[in-house]
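Here is what each chain is made of, one letter per residue.
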Amino acid sequence: MDRLSVILPKVLRERGLTDVSLTELVLETAMQCIHNELPAHAEFLKPTLFEQGVLTVKAQNSEALGVCDAKAAVIIRAVRALQWGVAIGDVRVVMAR
């Protein structure tokens with residue numbers, strides 16, 4: 001019997017929803033990782049965009065920006081652990097406007 005991690009991407013691809021669904025999955029996984037690893041700063045950080053292997057996280061203050069930037073490798077590992085063929089290479093933390 002196939003695992004859900006094998007079946008779901010196939011179904012999403014057939015329906016043309018792969019990119020949107022994987023982006024949402026990456027953003028949600030990154031947010032969960034931020035809540036787990038940076039609970040004191042989680043309310044000031046929000047993953048907003050994932051394209052071409054780069055995850056963009058908006059920070060509302062410079063302290064949260066610095067802490068999140070230091071934990072970028074942890075976020076990358078969390079996203080890669082999804083095993084959905086998500087190619088993430090970098091996390092860019094920027095100040096929110």
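This text goes with the structure placed above it.
So, here's what we can say about the structure. (Residues numbered from 1 in each chain as written. Predicted model: local features only at pLDDT ≥ 70, side-chain atom pairs only at ≥ 80, totals over all residues. Heavy atoms only, no water.)

**Regarding the pattern of salt bridges**
One pass over the full model with this rule turns up one salt bridge. In this structure, Lys 71 engages Glu 37 in a salt bridge whose closest nitrogen and oxygen atoms are separated by 3.5 Å. Taken together, the positions of Lys 71 in the loop between helix 3 (62-70) and helix 4 (72-80) and Glu 37 in helix 2 (residues 18-37) put the pair 34 residues apart, joining distant regions of the chain. Assessed through its relative accessible area of 29%, Lys 71 is described here as partly exposed. Here Glu 37 falls in the partly exposed class, since its relative accessible area comes to 37%. (Salt bridge = Lys/Arg side-chain N within 4 Å of Asp/Glu carboxyl O. Helix = DSSP H or I, 4+ residues; strand = E, 2+ residues; numbered from the N terminus. Buried < 20%, exposed > 50% of the residue type's maximum accessible area, 1.4 Å probe, protein only.)

**Focus: the side chain of Thr 56**
Looking at where Thr 56 falls in the secondary structure, it is placed in strand 2 (residues 54-59). Apart from residues no more than four positions distant in its own chain, Thr 56 is found in contact with Lys 46, Pro 47, Thr 48, Leu 49, Arg 92 and Val 94. (Contact = heavy atoms within 4.5 Å.)

**Here's the deal with the state of the cysteines**
Summed over the entire model, instances satisfying the criterion amount to zero disulfides. Lacking any disulfide linkage, Cys 33 is separated from the closest cysteine sulfur, that of Cys 68, by 8.6 Å. Of the residues examined, Cys 33 reaches a relative accessible area of 8% and is grouped as buried. In this structure Cys 68 comes out as buried when scored by relative accessible area, which is 0%. (Disulfide = S-S within 2.5 Å.)

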